[in-house]
Amino acid sequence: MSDLVIRGGSVVTPGGVTSADVAVTDGVISAVGSNLDTAAKEIDATGLHVLPGGVDSHVHFNEPGHTDWETLANGSAALAAGGYTSFVDMPLNSLPVTIDGAAFDVKLAAANASSTLDFGLWGGLVPSNLDRLEELHARGVLGFKAFMCPSGLDEFPMCDTRTLRDGMQRIAALGSILLLHAEDSETVEMLGGEAIAHGMTGARDFVRSRPANAEADAISRAISLAEETGCAVHIVHVSTAQGMRWIREAQTTGVNVTGETCPHYLLYTEDDLERLGGLGKCAPPFRTAQDREELWAMIADGSLPMVVSDHSPSSSELKRGDDFFKLWGGISGCQSTRQLLLEQAQQRSIDVTVIAAATATNVARRFRLARKGEITAGFDADLWLADLSHESVVRREDLLYRNPFSAHEGQPVRGRTVMTLMRGQAVFAEGRPNPGPGAGFVRAG
């Protein structure tokens, strides 16, 4: 007898949506089918969709060191409320930054103590830690993150081309992957410096200082280095259609490169930035309506396979001021990702299976998260039970972040979380977080 059977839901798999039961034994999906045997516990999912638990591979939960901005407890609870069951935390915005084994140990201890959800950790690649990559890999980082332009944090400097090449050779030898923030350093530093020198520090000035060609040029250089070194590369938060086209073209020649985008690039354009103010500041900045529509088209046809939040919170004070260049750059949004995408998908006649894949299946496959991201026998029973007929808006009073504000407030969303299950146990139900089974550290499979 199974421990749990979820009955009668519309189960979302890569192959489509089917009315089926899902049986769970010892936290693992044991069967998916019709009229499964009774179990010790049963959940009636009639009228609900059952999606794989989301996997957000791009969050900054800032612990340890900046718990006044965000905490692992708040961030993971927010994700659970939005239908997510696992995440991968970035190596910067916390202190110490995760660039050596000792820093990794501190962050792992914090996550084990506080996270509601299963998690992985990224390590950092910076000019000073080439000899520490192996120790980070041995501890279980899923891969490494580097910047091709200044990160904004002194403790996490950008990598020049030589450091990137050396690091990529070592990462390739480890069989790991490098995540890259791809904006051309020379371009953004020159244009940003000129704007500031002339007192041009508004929202539009900031956008002009980080033009689309800065991203495209950096992606092109990253692809060349990936081809040269044989290193797997993933471009984070792609904001332009041209950037994704470069990635797609490289894939056809055998380069191991992928990319992701974020909800804010699928919702907003540069015309929205003055209205949103500091809440909407991020890097790369919002782009054109044409970029937004082309990115959606790529999601629809599967050529842009991943959407992640890049949840990068701060205190509200850091988002206020007249000088846009001095404001904190980052958007709080991990709780709303799936519902925002589902509403837009409904408007654009994009199937729910596409959104499930982009927020779970494809992420888990790319980063080799064993037994995550799919509703099939043998996988962890990470499930989102959602009423997709429910329409609402993002409301500040619902947000579970340490600092509950977001650029997405007021945006229409689709889907009410009835229950989020991680390994068969509820981590969010009846409108509130649950203790759950205890978080687990996820390594690459």
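Whatever comes next refers back to the structure up there.
Rules used in this analysis
Residues numbered from 1 in each chain as written. Predicted model: local features only at pLDDT ≥ 70, side-chain atom pairs only at ≥ 80, totals over all residues. Heavy atoms only, no water. Helix = DSSP H or I, 4+ residues; strand = E, 2+ residues; numbered from the N terminus. Buried < 20%, exposed > 50% of the residue type's maximum accessible area, 1.4 Å probe, protein only. Contact = heavy atoms within 4.5 Å. Lys, Arg positive; Asp, Glu negative; His and termini not counted. Charge placed at Lys NZ, Arg CZ, Asp CG, Glu CD. Pairing = 2+ DSSP bridges. Axes fitted to C-alpha atoms, helices over the stretch in contact; angles between N-to-C directions. Nonpolar A, V, L, I, M, F, W, Y, C, P; charged D, E, K, R; others polar. Salt bridge = Lys/Arg side-chain N within 4 Å of Asp/Glu carboxyl O. Disulfide = S-S within 2.5 Å. Parallel < 35°, antiparallel > 145°, perpendicular 65-115°, else oblique. Left-handed = near helix turned anticlockwise from the far one by under 90°.

Caption draft 1: Here's a closer look at the overall build of the protein chain. Regarding its fold elements, the protein chain presents 13 helices and 17 strands. Buried positions account for 60% of the 445 residues belonging to the protein chain. Contacts in the protein chain between residues at least 24 apart in sequence constitute 74% of all its contacts with a sequence separation of at least 6. Here the protein chain contributes 37 positive and 56 negative side-chain charges, whose respective centroids are spaced 1 Å apart.

Caption draft 2: Expanded view of the pairing of strand β14 (residues 383-393). Relative to β14, strand β5 (residues 49-52) is paired through four bridges, and the arrangement is antiparallel. If you follow Leu51 over to β14, its bridge partner there is Trp384. Two elements, β14 and strand β15 (residues 412-422), share eight bridges in a ladder whose sense is antiparallel. The partner of Leu385 across the bridge, within β15, is Met419.

Caption draft 3: Region of the structure containing the packing of helix α8 (residues 241-252) against helix α11 (residues 289-301). At a minimum axis separation of 9 Å, α8 and α11 run at an interaxial angle of 35 degrees. Contacts between α8 and α11 involve Ala241, Met244, Arg245 and Arg248 from the former and Asp291, Glu294, Leu295, Met298 and Asp301 from the latter. For the contact of α8 with α11, the class distribution of residues is four nonpolar, no polar and five charged.

Caption draft 4: Region of interest: the pattern of salt bridges. Under the criterion given, the structure shown has 28 salt bridges. For Arg132, the salt bridge goes to Glu135, with nearest N and O atoms at 3.0 Å. Between Glu397 and Arg395 there is a salt bridge; the shortest N-O distance is 3.5 Å.

Caption draft 5: Representation of the sheet that holds strand β7 (residues 84-89). With respect to topology, three strands assemble into an open sheet ordered β6-β7-β8, the strand pairing being parallel. Of all strands in the sheet, those bounded by a partner on one side alone are β6 (54-59) and β8 (118-121). Direction aside, neighbouring strands of the sheet carry axes that sit 20 degrees apart on average. For β6 and β7, the ladder comprises four bridges, and the chain directions are parallel. In the sheet register, Val55 faces β7, and the bridge partner there is Ser86. On top of the sheet, helix α2 (residues 101-114) reaches β7 and β8; it is set at about 170 degrees to β8, its chief contact. Across the face of the sheet, helix α13 (residues 352-366) comes into contact with β6 and β7 while running at roughly 70 degrees to β6.

Caption draft 6: Representation of the state of the cysteines within the structure. The final tally for this structure, using the stated rule, is zero disulfides. Not engaged in a disulfide, the cysteine Cys149 finds its nearest cysteine sulfur in Cys159; these two sulfurs lie 11 Å apart. Overall, the relative accessible area of 0% leaves Cys149 in the buried class. Summary of cysteine pairing: Cys282 is not part of a disulfide, and the nearest cysteine sulfur, belonging to Cys262, is at 8.0 Å. Look at Cys282 and you get buried, because its relative accessible area is 5%.

Caption draft 7: Region of interest: the packing of helix α7 (residues 212-229) against α8. Running from amino to carboxyl end, α7 crosses α8 at an angle of 15 degrees, the nearest separation of the two axes being 8 Å. As judged from the angle between their axes, α7 and α8 are roughly parallel. You can see that α7 and α8 cross each other, and the crossing is right-handed. For the pair formed by α7 and α8, the contact residues are Glu215, Ala216, Ile219 and Ile223 on the first element and Gln242, Gly243, Trp246, Ile247 and Ala250 on the second. A breakdown of the residues in the contact of α7 with α8 according to their chemical character gives six nonpolar, two polar and one charged.

Caption draft 8: Looking closely at the sheet that holds strand β12 (residues 232-235). Taking strand neighbours across the sheet as the criterion, the five strands line up as β9-β10-β11-β12-β13 in an open arrangement whose pairing is parallel. Looking at the sheet topology across the chains shown, the edges are occupied by β9 (123-124) and β13 (257-259). Note: β9 against strand β10 (residues 144-147), two bridges, orientation parallel. Each residue of the ladder has a partner; that of Gly123, found in β10, is Phe144. Along the sheet, α8 contacts β12 and β13; its crossing angle with β13, the most-contacted strand, is approximately 150 degrees.

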